[in-house]
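Overview (structure and organization)
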Amino acid sequence: MTLLLAITAGGLFAAGLYMMLRRSLVKILVGLLLLGYAVNLLLFNSGSRLVPGSPPLIREGESAPALIHADPVPQALILTAIVISFGVTAFAVVLLRQAYQVTGTDDLNEMRCTDIPCPEEDILPDDPEAAP
Amino acid sequence: MIVLPILAPLLFAIVSLVGWSKPAYQRVVGIVGAVALNGVTLSVFAQVRAGGIQVAQVGNWPAPFGITLAVDLFGAVMLQVSALVALTVAIFSLSGIDDSRVKFGFYPLFFVLLMGVNGAFTTGDLFNLYVWFEVMLMASFVLIALGGERAQIEGAVKYVILNLLSSTLFLSAIGLLYNLTGTLNMADLALRMPEVQPAGEVTLIAVLFLIAFGIKSAIFPLFFWLPASYHTPPVVITALFSGLLTKVGVFALTRVFTLLFITDFAITQPILLVLAGLTMVVGVLGAAVQTDFRRLLSFHIISQIGYLLMGLGLGSAGALAGVVFFMVHVILAKTALFLVAGLVERLQGSFDLKKLGGLASSRPWLALIFLIPALSLAGLPPLSGFFAKLVLVQAGLELRSFLVTGAALGVSLLTFYSMTKVWNEVFWKDRKSGMPALRRAPVSMWVAVISLAAISLLAGLAAGPLVDVSLAAGIQLADPAAYISAVMGGIGGAP
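Nothing here was measured: the structure is a model prediction, and the numbers come from that model.

Reading the values: the criteria
- Residues numbered from 1 in each chain as written.
- Chains lettered and ligands numbered in written order.
- Predicted model: local features only at pLDDT ≥ 70, side-chain atom pairs only at ≥ 80, totals over all residues.
- Heavy atoms only, no water.
- Helix = DSSP H or I, 4+ residues; strand = E, 2+ residues; numbered from the N terminus.
- Rg over C-alpha atoms; globule rule 2.2 N^0.38 Å.
- Buried < 20%, exposed > 50% of the residue type's maximum accessible area, 1.4 Å probe, protein only.
- Contact = heavy atoms within 4.5 Å.
- Areas by Shrake-Rupley, 256 points an atom, 1.4 Å probe, with all protein chains shown as cover.
- Lys, Arg positive; Asp, Glu negative; His and termini not counted.
- Charge placed at Lys NZ, Arg CZ, Asp CG, Glu CD.
- Salt bridge = Lys/Arg side-chain N within 4 Å of Asp/Glu carboxyl O.
- pLDDT = per-residue confidence, 0-100.
- Buried area = accessible area lost by both parts, 1.4 Å probe.
- Polar contact = N/O pair within 3.5 Å; in protein donor to acceptor, adjacent residues only side chain to side chain.
- Nonpolar A, V, L, I, M, F, W, Y, C, P; charged D, E, K, R; others polar.
- Expected span 1.5 Å × (residues − 1).
- Arc of directions from axis to C-beta.
- Phe/Tyr/Trp six-rings, centres within 6.5 Å; stacked < 30°, edge-to-face > 60°.
- Patch = residues over 30% accessible without salt bridge, like charges linked within 9 Å, V, L, I, M, F, W, Y side chains within 5 Å.
- Core = buried A, V, L, I, M, F, W, Y, C linked by side-chain atoms within 4.5 Å.
- Axes fitted to C-alpha atoms, helices over the stretch in contact; angles between N-to-C directions.
- Parallel < 35°, antiparallel > 145°, perpendicular 65-115°, else oblique.
- Left-handed = near helix turned anticlockwise from the far one by under 90°.

Moving on to the overall build of chain B. When helices and strands are counted, chain B shows 21 helices and two strands. Radius of gyration (C-alpha) of chain B: 21 Å, near the 23 Å computed for a compact globule of 495 residues. A buried classification covers 65% of the 495 residues belonging to chain B. Once local pairs closer than 6 in sequence are excluded, the contacts in chain B between residues at least 24 apart make up 81%. A total accessible area of about 15600 Å² is found for chain B, and carbon and sulfur atoms account for 71% of it. A distance of 13 Å separates the average location of the 26 positive side-chain charges in chain B from that of its 19 negative side-chain charges.

This is the structure:
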């Protein structure tokens, strides 16, 4: 099981990085999502104790949990990471949509206004909905 | 007590949210909040200076199990300097940020950003550090895109994508480290690291951390997002970012490489030093060809990060003291320069060096104010940059790292060249006939710029006490035993 998860995480990392190297904004977004999943799987695997059926609880009449028990920490970490990546992704989607609206392209190579100042007429008037 | 630097910005973020569409109210809250934050950080600093490392266990869970907050002297210095930056930026933004941006939440975001920054300086837990980084990043994402001009949006796209990639790497490094050690408390990690097997995997994780924090602090091969995005938002936001964000990255690097990855220092030291040298040189060469005030200063941010990395790579107590001192110096000088750029733009309506000129005769005081942080950045005595570089170079010579020390000195010269270029173009050059008439700048901008330049000047003139503090902080950083015992020894103690 650990091996299978590890391979899946590795595959997701590779696919995510590949997508991030693309020029299209949407594909970069997909890449970010895949990378997020890859990290969550990695965290899930990192407890080193993927034990089914043994919760980290102290059974009645005992003073310590079973010697081999599931590690609850990675799950807490994943939960936090999922919530954060949800918020971040929501923001990224809105930003990339806005970028498409303002620049009229989803090709990163066309976004050069930060390096070469754009001619004045290219700058669109401020959109009241621009700020998130 | 040390929770307050996190709680105070949160409180004022909420207070400023109450008056969502009332810019005047929010501006007042901004000033009041920044002043209050200074009070809080000053008392934390006094406490740490007098009583050593301060520790709080959140929820009273003992050390390796709960989340630990720990402020050592380095953290306290960082808290105080960023509070000062926040105050001057709040004063400058009284008229430096337009009403529409305020109505879209500039001040709540400003305080959330400060909360994230202070959290990162305060936490003693690696995963908690990740969370604070995300808090800080989310606020900075919105701030950089606030207003939605084309260049801003394009800059924001690059900034967001690369910083998210860095967060992903950071999180994977945390996962792998937890897998090896079974803990995320930094002091506990420091205790367990020497015995971890296999050692090769530790080096791998160290490199992952180096890349993740390297992107955030804009070191040599990973800095490209910074000059592509920092000059796009209003200059107040750039000044805030330049004073705080990359420095948090360096702070995290320092924490990780002085506390966790010290056993294989022989491997990491040459990597850090080579990266430091290249960061300095490439940053300053990039600045040499720029003709936009803000882009030029953005490249100088990168070059100054190289000095901080150099101190970290040298690793002796003296060098780490240099890092602390340089951090104070560069945060103050850099923010002051960006605010001066903002003031110049307000007066003459441009950031383009070619469209500026003649300010030395029409605004001689502004020229003088520019010279303080500019010459300080170049490292001329008796300004703070001189002493900061002196401490670093001294440490470099003691450790016989002649190459990186030579690079540091050469880059100082190039920085000086770059600053004289700005001086010539903006202040010394005659006014051209076609230039628009000078406008008036609001008093609040002058107050902000003058006070920050004065603080920067003071950091040089009163270098003695500051060097003492830096040395004490450097000794604390070089020997993690005090940090570990402060965090782990306080088991069961009241927070």
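Here the idea is simple: oppositely charged side chains can pair when their charged atoms come close. All told, the structure shown has eight salt bridges over all chains when counted by the stated rule. The network of salt bridges with common partners includes D98(B), R101(B) and E149(B).

This part is about the confidence of the model for chain A. All names here are of chain A. Looking at chain A, the pLDDT average stands at 82 and 86% of residues meet or exceed 70. The spread of mean pLDDT over the elements of chain A runs between helix α3 (residues 73-103), the lowest at 90, and helix α1 (residues 2-20), the highest at 92. Ignoring residues within four places in sequence, the model shows residues 121-132, a span with pLDDT below 50, making 16 contacts including any to other chains.

Next up on the list: the interface of chain B and chain A. How big an interface is tends to be expressed through the accessible area that disappears when the partners come together. Taken together, the contact between chain B and chain A spans 37 residues of the former and 44 residues of the latter. Summed over both partners, the interface of chain B with chain A buries about 3500 Å², with 76% contributed by carbon and sulfur atoms. The interface formed by chain B and chain A includes zero salt bridges. Applying the counting rule to chain B against chain A returns one residue pair in polar contact (both at pLDDT 80 or more). When contributions to the side of chain B that touches chain A are tallied by element, the ones reaching two or more residues are α6 (126-145) and α7 (150-181) of chain B. Per element, the largest residue contribution to the side of chain B that touches chain A is 19 residues, and it comes from α7(B). Here the side of chain B that touches chain A is composed, by residue class, of 22 nonpolar, nine polar and six charged.

Attention now moves to the environment of L180(B). Looking at where L180(B) falls in the secondary structure, it is placed in helix α7. Counting along the chain gives 266 residues from L180(B) to W446(B), while the straight-line C-alpha distance between them is 53 Å.

All names here are of chain B. The omega angle of the peptide bond from P381 to P382 is 5°, so this bond is cis rather than trans. Backbone geometry places A218, a non-glycine residue, at a positive phi of 60°. Residue R400 is not a glycine yet carries a positive backbone phi of 60°. On the secondary structure map, R400 appears in the loop between α17 (384-398) and α18 (402-428).

All names here are of chain B. Relative to the 21 Å expected for 15 residues at 1.5 Å per residue, helix α1 (residues 4-18) spans 21 Å between its end C-alpha atoms, a close match to the ideal helical length. Along α1, the positions that sit buried rather than exposed are P5, I6, A8, P9, F12, A13 and S16. On an axial view of α1, the arc spanned by its buried residues comes to 165°, and they lie on one face. Of the surrounding elements, those touching the buried residues of α1 are α2 (23-51), β2 (68-71), α3 (73-96), α5 (106-122) and α6.

This brings us to the side chain of K247(B). All names here are of chain B. Within the fold, K247 resides in helix α11 (residues 235-260). Here K247 occupies a buried position and makes no salt bridge, while the nearest side chain of opposite charge, D292, is found at 17 Å. Apart from the residues within four sequence positions on either side, K247 is in contact with M78, S242, I301, I305, L308, M327, V330 and I331.

All names here are of chain B. In the structure shown here, the tally under the stated rule is 29 aromatic pairs over all chains. With 5.7 Å between their ring centres and 50° between their planes, F257 and F261 make a pair best called tilted. Of the two residues, F257 and F261, both sit in the buried class. Geometrically, the ring pair formed by F293 and F370 is edge-to-face, given 6.4 Å between the ring centres and 75° between the ring planes. Of the two residues, F293 sits in helix α13 (residues 293-314) while F370 sits in helix α16 (residues 364-378), which places them 77 residues apart along the sequence.

Attention now moves to a nonpolar patch on the surface. All names here are of chain B. Taken together, M1, V3, L4, L7, L10, I14, V18 and Y25 make up a surface patch of nonpolar side chains, about 670 Å² in accessible area. No other element matches the five residues that α1 contributes to the nonpolar patch. Relative to the assigned elements, L7 resides in helix α1.

Time to look at the nonpolar core. All names here are of chain B. L126, F209, L260, F261, F293, F370 and F427 are the most contacted members of the largest nonpolar core, which totals 221 residues. Sorting elements by how many residues they give to this core places helix α14 (residues 317-348) first, with 21 residues. Leave out the neighbours within four places in its chain, and F293 touches A341, V344, F351, L353, L356, F370, V422 and V426.

Before going further, it helps to examine the environment of A199(B). Residue and element names in this part refer to chain B. Position of A199 relative to the elements: it lies in helix α9 (residues 199-217). A residue is classified by how much of its surface remains accessible, and A199, at 46% relative accessible area, is partly exposed. Along the chain, A199 and D264 lie 65 residues apart, while their C-alpha atoms are 8.5 Å from each other.

Our next topic: the packing of α9(B) against α11(B). All names here are of chain B. Packing of α9 against α11 leaves a shortest axis separation of 7 Å and a crossing angle of 160°. Of the possible angle classes, the one that applies to α9 and α11 is roughly antiparallel. Judged by the sense of rotation from one axis to the other, the crossing of α9 with α11 is left-handed. Each of A206, F209, L210, F213, K216 and S217 in α9 lies in contact with α11, whose residues at this interface are L245, T246, G249, V250, A252, L253, V256 and F257. Looking at the contact of α9 with α11, its residues break down into ten nonpolar, three polar and one charged.

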